[in-house]
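A structural walkthrough
Spelled out from the first residue to the last, the chains are:
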Amino acid sequence: MSAVLIVAEHKEGMPSKATLRTITFGRDASEMLKHKLHLLVIGHNVEKVAEQLKIYGADCIFLVNDPALETYKAETWAYVTSKVAQQCNAAMICTDAGSTGKDFMPRVSARIGAGMASGVIGFDGECFKREMWAGSVVARIRLHTEIQVATVQSTLFEPATPAGNSSEIEPLHLKIPPARTRFIEFRKTESKRPDLPEANVVISGGRGLRNAENFRMLERLADLFKGAVGATRAAVDAQWVPNDLQVGQTGKFVAPEFYMACGISGAMQHVAGIKNSKIIVAINKDENAPIFRVADFGMVADLFEVVPALIAAIENT
Ligand code: FAD
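None of these values were measured; they are calculated from a predicted model.

1. Observations concerning unusual backbone geometry
- Its identity is not glycine, yet E12 carries a phi of approximately 50 degrees, on the positive side.
- Mapped onto the elements of the fold, E12 is located in the loop between β2 (10-11) and β3 (14-15).
- With relative accessibility at 61%, the residue E12 sits in the exposed group.

So this is what it looks like as structure tokens:
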């Protein structure tokens, strides 16, 4: 029987929220296609990750646990994924459309000669759905290859809930060929704040913030909500914040309960990354700013008055 295979992403021994969301997509696809649902965990000392995924209703969890997989390399992940996909008769291979998925999944597709759809937002049993032109158009994409590869815009899906059974874990021993790329260093950004795609609250700033120093007040506000700080490309290009904080079409997609846009005009490329937020609040001094078209609540005001007042009000409660 054919299968839908989902490659799990994980960090510090935990499956990512994006993986749980991708499982929701995969469950629907496997039901529509009447295929099995398999998960794949790749890494070294990642048994705990596979254990934690047992409750989500997969038919099988393949575990490829090898010292050669200690550090992520697109080359080796693509090799392992394509081998496991062939072994388990996968007809569809999916992972989250984050930076890791964008990096290794095209290589999977090339290795096995499978068609690929990137950043898909749905599957109707025949075609993938995918937004184009920053969300202005939704395209239906039909792949004609026997095996289909997709990265999933997982922020659109709720995290999978426990399915009431316990999946089998099947360890696989593959001979990992030496990689032509070499791992040099992993520079971790030390932050107590949640990752943007995982955060329940995101406080974002744009060019209206004027400089890097003024982002400190957004950080203060984000910390009061235990949230993350985001930024527009304009703020990133001005080097006020690091580029991993960029939200939007060419940055990260977020789907928090609460998104606050401060001094952000609301360009379509930014809005593409925030429109799955449950509540959007915008502060902008220009009443015609396009951000007000997508905001649930808007304040035509100077952010340098509103944000400090908000911080003071929360701190005094
Ligand atoms: P601006 O458009 O300059 O807006 C600043 C806003 O701040 C204005 O509306 C102004 O009224 C307001 N303001 C100023 N001072 C104050 C104040 N004191 N109080 C309140 N409001 C104030 N952009 C992204 O964000 N993410 C992306 O992923 C992205 N990808 C792109 C991909 C492509 C291919 C292209 C072409 C562009 C992309 N962009 C992206 C850029 C995007 O088009 C916009 O240029 C950018 O989002 C604008 O950023 P901004 O809103 O910070 O700046």
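2. What to know about the site of the ligand
- As a matter of local geometry, the ligand sits amid 25 residues, with R207, T232, T250, S265 and N284 nearest to it.
- A distance of 3.2 Å is found between a nitrogen atom of the ligand and a backbone nitrogen or oxygen belonging to K285.
- At 2.9 Å from a nitrogen atom of the ligand is found a main-chain nitrogen or oxygen belonging to L303.
- Coverage of the ligand by the protein amounts to 77% of the 990 Å² it exposes when considered alone.
- Judged by its atoms lying within 2 Å of the grid points, the ligand is housed in the second largest pocket.
- Secondary-structure elements contributing two or more residues to the shell around the ligand are α6 (233-237), α7 (268-271) and α9 (303-315).

3. What to know about the confidence of the model for the protein
- Averaged over all residues, the pLDDT of the protein is 96; the fraction at 70 or higher stands at 100%.
- Two numbers describe this predicted complex: its pTM, 0.86, and its ipTM, 0.99.

Rules and cut-offs
Residues numbered from 1 in each chain as written. Predicted model: local features only at pLDDT ≥ 70, side-chain atom pairs only at ≥ 80, totals over all residues. Heavy atoms only, no water. Helix = DSSP H or I, 4+ residues; strand = E, 2+ residues; numbered from the N terminus. Buried < 20%, exposed > 50% of the residue type's maximum accessible area, 1.4 Å probe, protein only. Near = heavy atom within 4 Å. Polar contact = N/O pair within 3.5 Å; in protein donor to acceptor, adjacent residues only side chain to side chain. Areas by Shrake-Rupley, 256 points an atom, 1.4 Å probe, with all protein chains shown as cover. 1 Å grid on protein atoms, 1.4 Å probe; cavity = no way out; pocket = protein on both sides within 12 Å on 5 of 7 lines; lining within 4 Å. Sits in = over half its atoms within 2 Å of the grid points. pLDDT = per-residue confidence, 0-100.

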